[in-house]
Amino acid sequence: MADENEKAKIGAATEAEAETETRTGSPAYEKQPQPQHYDALVAASSAFSAQNSPNKPVFKQECPFSFATQFNPDGLYLNLATLQGYGKNFVGIDHDRTGNLMYVQLQNVIEQKLVEIPEDEQPSPFEQYFVKKNEEGKEIMYRPVTKIHGTNTLIMYPHLNEGVRFALNANSGEIDSEYELPETMLQVLKDLFGRFEAENRRREMERLQIQKQLEAQRANAGQYQKKAAPVSKFAKDLVQLDNGVKISSQPTTWKCADSGLTENLWLNLSTGYIGSGRPQWDGSGGTGAALRHYEDTGRQYPLCVKLGTITQSASGMPMAEVYSYDNTEDCMVTDPYIEKHLDHFGLKLEDLEKTEKTLEEQEGALIDRYIYSEILMDGDASGETKLEPYYAGGNIGLVNMGNTCYQNSVLQVLLSLEDFQRRYYYGTNDNVREQRYNSFRSAPIEPYSSLTMQMIKLAAAISDPEALGVKFDASKTSTEENEKENKEVETDESGLKVIGHDHRVAVAPRMLREAACSLHYDYMGNEQQDCVEYFRFMINKFVETDGMRPDSPGFDFAHVVEERLFDQQSQQVKYKYTPSSVLQLVVPIHKATNLKEVNAFKQRDKSKEDPKNKPRAVLPNIPFQECLKHSLGMDPNAQQTIVDYISPVTGERGIATQTVQLSTFPKYLCVQLRRFIMDEKTYQPVKTVCEVEVPRILDLQQYRGKGPQEHEVIIQERNEEETAEKELPAAKKAMVEQLMMMGFPEDECKEAALACNNVDAAMNWLFDPSTRVPLENPAERGEKAVETIKELNDGSSKYRLRAFISHLGHQINAGHYVCHTYDDKLKHWVLKNDTKVSVSKNPPIKHGYVYFYERMP
């Protein structure tokens with residue numbers, strides 16, 4: 001994942017930079033006579049000026065119908081009329097839609113290199129840089145710089161392989177071309193470069209706005225804000241003892257001087273002492289020898305580097321995990337002089353390879369090795385099992401774009417379900433392909449912002465990659481020759497990537513993310529989120545787009561929950577029906593069937609264990625039926641007691657009990673196990689680590705709500721409560737006061753304030769009755785949804801498990817998400833872990849977090 005995230009960061013950084021050397025340089029073009037289609041160029045330049053306003057945005061990041069970008073061999077073809085870029089396969093569709101003939105082919109190549117930092121410039125404490133000696137022995141500071149080399153070619157459809165190369169002269173600001181172009185077209189191309197720069201600035205402002213909003217949310221919530229490791233104040237003048245210690249670059253020779261352990265080793269950069277790190281929660285990881293050495297030496301030598309994390313980036317920059325034990329820092333730090341400090345002990349950077357996970361990588365993985373092996377290694381705790389890679393139509397990976405594994409898992413699950421596949425033209429047959437291309441032909445004017453178009457695009461990439469140019473070769477997943485390779489290959493048109501030695505095939509759904517989440521800062525940021533909340537968000541998006549109707553896939557998850565409240569004061573009941581898309585179940589840890597074994601495991605004598613051969617963990621095992629009993633139905637365990645309930649019948653305080661059942665059984669049922677509970681001491685969500693025996697076939701008939709019974713007396717709400725006037729928000733009150741000062745009646749002012757967002761709109765609303773839209777009561781809207789669901793989305797109570805999502809880690813806002821989906825054609829489960837897709841012969845169903853069931857006939 002680290003290499004993919006780094007590539008994602010590089011891609012994001014390069015898109016925000018100014019145009020490249022070749023694109024804005026001064027190429028020495030030898031002028032040629034007028035190109036072919038000279039008259040068409042003149043006409044196209046007039047059309048460009050007529051159709052494009054100065055503020056019209058440019059969309060050149062990715063094709064809206066495929067995943068092709070400027071970094072593909074064929075690049076993107078930018079429509080000069082609409083300023084939208086398309087992959088080579090879809091230029092014809094764009095031409096049919098718009099009638100445009102003139103395109104600019106944009107092609108990019110990324111290059112990384114190191115640039116010397118001027119002596120009079122002081123780097124930022126959080127900037128990546130390092131210090132290296134030049135040939136004269138002088139210490140020089142460098143920073144990594146990413147550059148893009150791009151070419152531009154003016155072409156006329158359908159002659160996509162013929163064109164006129166051009167660039168913006170950085171000195172004169174004029175267009176240099178290999179042909180004599182019309183003056184009007186030169187001005188168009190010059191204006192185009194100005195738009196490129198404006199688009200880059202706009203995207204950077206959006207990025208900063210998202211970052212600012214996220215920082216404000218974290219500040220309001222008091223959350224920890226993760227920052228880049230600061231430069232240690234001890235790094236520049238670090239004391240290094242001349243004690244003759246020299247360390248081999250061979251990892252097999254490294255061991256803890258105190259315990260002899262050979263993992264989680266830290267080298268003190270002052271003394272050369274190698275000690276193990278602090279022990280982890282389960283006793284593994286080390287003995288804390290490195291920290292004790294710091295304390296035993298008078299707390300004089302605080303900097304330690306973790307052996308096995310030292311390596312070089314592609315640009316030659318040293319990368320290592322360094323920790324400062326000094327109480328004024330006591331955190332991960334950056335050491336710009338790490339190469340010099342390692343050289344003191346005979347360690348050459350070029351001889352070292354990364355062999356250990358950093359603490360950040362360990363945080364992203366599951367701390368409990370047992371669960372990790374169950375979920376990702378098909379139950380093999382030894383870690384020696386190599387899962388069989390499986391890439392084909394229907395099983396394509398998704399690139400992690402910065403903690404977006406929760407989004408990837410939800411999208412993979414949804415597109416594995418039949419109704420979503422039908423709605424978004426998932427498949428390979430000719431009829432599906434024709435429907436897909438027809439949808440592209442009839443797409444909105446701005447298809448990149450259409451959730452439907454972006455879902456169709458993703459469904460096409462996952463289900464029908466061969467139609468986009470990807471050819472699968474099963475032999476490339478296991479041969480030794482291919483395992484030695486470590487390169488990235490991109491297809492000519494599709495934008496799908498073949499990554500790494502295991503030839504992972506994946507796409508990055510960036511445009512879908514922007515179409516769905518552009519106004520949601522949490523999901524546009526790079527911080528982990530709860531996959532259930534994201535699932536709810538996407539379901540609401542689908543319903544907003546398609547409406548609450550049976551052919552909307554979002555509607556398929558809608559079900560009605562029946563809440564029954566029993567008032568003990570009056571012995572009367574109240575029924576409430578609410579729509580929902582997720583069924584949440586309590587996990588009663590005290591109902592585990594193996595509590596004796598769990599306690600015995602916790603109380604075992606750890607001193608006699610072999611650190612290299614630890615026993616298999618024993619976790620609480622809870623029957624799924626207990627989760628149902630404690631969440632649904634009339635069982636006392638499922639009842640929620642409400643203390644100090646004011647009876648609407650007697651008006652006195654007392655006790656009421658509430659139970660929940662299902663009023664309808666939807667086409668698809670999303671079941672969430674509430675593994676995260678609130679810690680009563682810290683008030684932070686804590687994960688319940690346990691196993692739940694979730695069935696593959698589920699029957700919920702006993703939990704169907706029966707509604708009011710003949711012997712029950714229904715609570716009658718008081719009229720004054722129903723007609724009580726709601727308190728207006730402060731902003732609305734101010735609007736009412738301003739409108740009343742203009743002479744409008746108070747009642748009408750209140751109605752206008754509720755219907756409008758500002759005073760001007762409210763005045764128009766009051767002056768022109770034809771513009772008024774009747775206010776919809778939220779309760780009435782909920783009642784309509786309940787009626788629709790009951791009528792159109794109810795059926796059998798029997799379900800079959802189709803997919804599930806697992807969470808690796810102990811914090812809801814950290815860790816990692818993966819999903820398992822069932823492949824009907826192959827009759828087996830498939831693990832989808834971002835870009836990695838593998839056959840799962842022993843799916844870890846008991847460790848799931850969210851389960852997706854399909855209703856049986």
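Residues numbered from 1 in each chain as written. Predicted model: local features only at pLDDT ≥ 70, side-chain atom pairs only at ≥ 80, totals over all residues. Heavy atoms only, no water.

Describing the pairing of strand β10 (residues 303–306)
Residue alternation in β10 divides its side chains into two sets, L303 and V305 and C304 and K306, and both sets are buried. Summarising the sheet, strand β8 (residues 265–268) and β10 pair through three bridges and their orientation is antiparallel. Bridged to W266 within β10 is K306. Where β10 meets strand β13 (residues 322–324), three bridges bridge the pair, whose relative direction is antiparallel. In the sheet register, L303 faces β13, and the bridge partner there is S324. (Buried < 20%, exposed > 50% of the residue type's maximum accessible area, 1.4 Å probe, protein only. Helix = DSSP H or I, 4+ residues; strand = E, 2+ residues; numbered from the N terminus. Pairing = 2+ DSSP bridges.)

Quick word on the packing of helix α12 (residues 430–441) against helix α13 (residues 451–463)
The N-to-C vectors of α12 and α13 enclose an angle of 150°; their axes lie 11 Å apart at closest approach. In terms of orientation, α12 and α13 fall into the roughly antiparallel class. When the axes of α12 and α13 are compared, the crossing they make is left-handed. Across the interface between the two elements, R436, S439 and F440 of α12 pack against M453, I456, K457, A460 and S463 of α13. Across the contact of α12 with α13, the residue classes tally to four nonpolar, two polar and two charged. (Axes fitted to C-alpha atoms, helices over the stretch in contact; angles between N-to-C directions. Parallel < 35°, antiparallel > 145°, perpendicular 65-115°, else oblique. Left-handed = near helix turned anticlockwise from the far one by under 90°. Contact = heavy atoms within 4.5 Å. Nonpolar A, V, L, I, M, F, W, Y, C, P; charged D, E, K, R; others polar.)

A closer look at the confidence of the model for the protein
Summary statistics for the protein give a mean pLDDT of 79 and a share of 75% for residues scoring 70 or more. Summarising per-element confidence for the protein, the mean pLDDT is lowest in helix α14 (residues 480–483) (33) and highest in strand β34 (residues 850–855) (97). In this model, residues 1–22 is a region of pLDDT below 50 whose contacts with residues beyond four sequence positions or in other chains number 44 contacts. Scored below 50 in pLDDT, residues 770–779 makes 10 contacts in the model with residues more than four places away or belonging to other chains. (pLDDT = per-residue confidence, 0-100.)

Some thoughts on the packing of α13 against helix α17 (residues 531–546)
Put simply, α13 and α17 touch, their axes get as near as 10 Å, and they point 120° apart. Side by side, α13 and α17 meet where L451, T452 and M455 of the first sit next to M538, K541, F542, T545 and D546 of the second. Considering only residue class, the contact of α13 with α17 consists of four nonpolar, two polar and two charged.

Some remarks on the sheet that holds strand β20 (residues 572–580)
The sheet built from four strands is open, its strands ordered β20-β19-β24-β23 with antiparallel pairing. A strand with exactly one partner marks an edge of an open sheet, and here the two such strands are β20 and β23 (640–646). Here the average twist between neighbouring strands, direction ignored, is 30°. Inspection of the sheet shows strand β19 (residues 559–567) paired to β20 by nine bridges, in the antiparallel sense. For V561, the partnering residue across the bridge sits in β20 and is T578.

Remarks on the packing of aromatic side chains
Taken as a whole, this structure holds 28 aromatic pairs when the rule is applied. Considering the side-chain rings of F65 and Y86, the 5.7 Å spacing of their centres and the 50° angle between planes classify their relative orientation as tilted. Taken together, the positions of F65 in the loop between α3 (38–51) and β1 (76–79) and Y86 in strand β2 (residues 85–86) put the pair 21 residues apart, joining distant regions of the chain. Take Y86: its relative accessible area is 0%, and that puts it in the buried class. Ring geometry for F557 against Y668: centres 5.6 Å apart, planes inclined by 35°, an arrangement best described as tilted. Here F557 is found in the loop between α17 and β19, whereas its partner Y668 is found in strand β25 (residues 668–673), with 111 residues between them in sequence. Like F557, the residue Y668 is buried in the burial classification. Through pairs of rings, three or more aromatic residues link up here, namely F420, Y424, F535, F542, F557, Y668 and F852. Over the ring of F196 we find K60; its NZ or CZ atom is 5.1 Å from the centre of that ring. (Phe/Tyr/Trp six-rings, centres within 6.5 Å; stacked < 30°, edge-to-face > 60°. Lys NZ or Arg CZ within 6 Å of the ring centre and 35° of its normal.)

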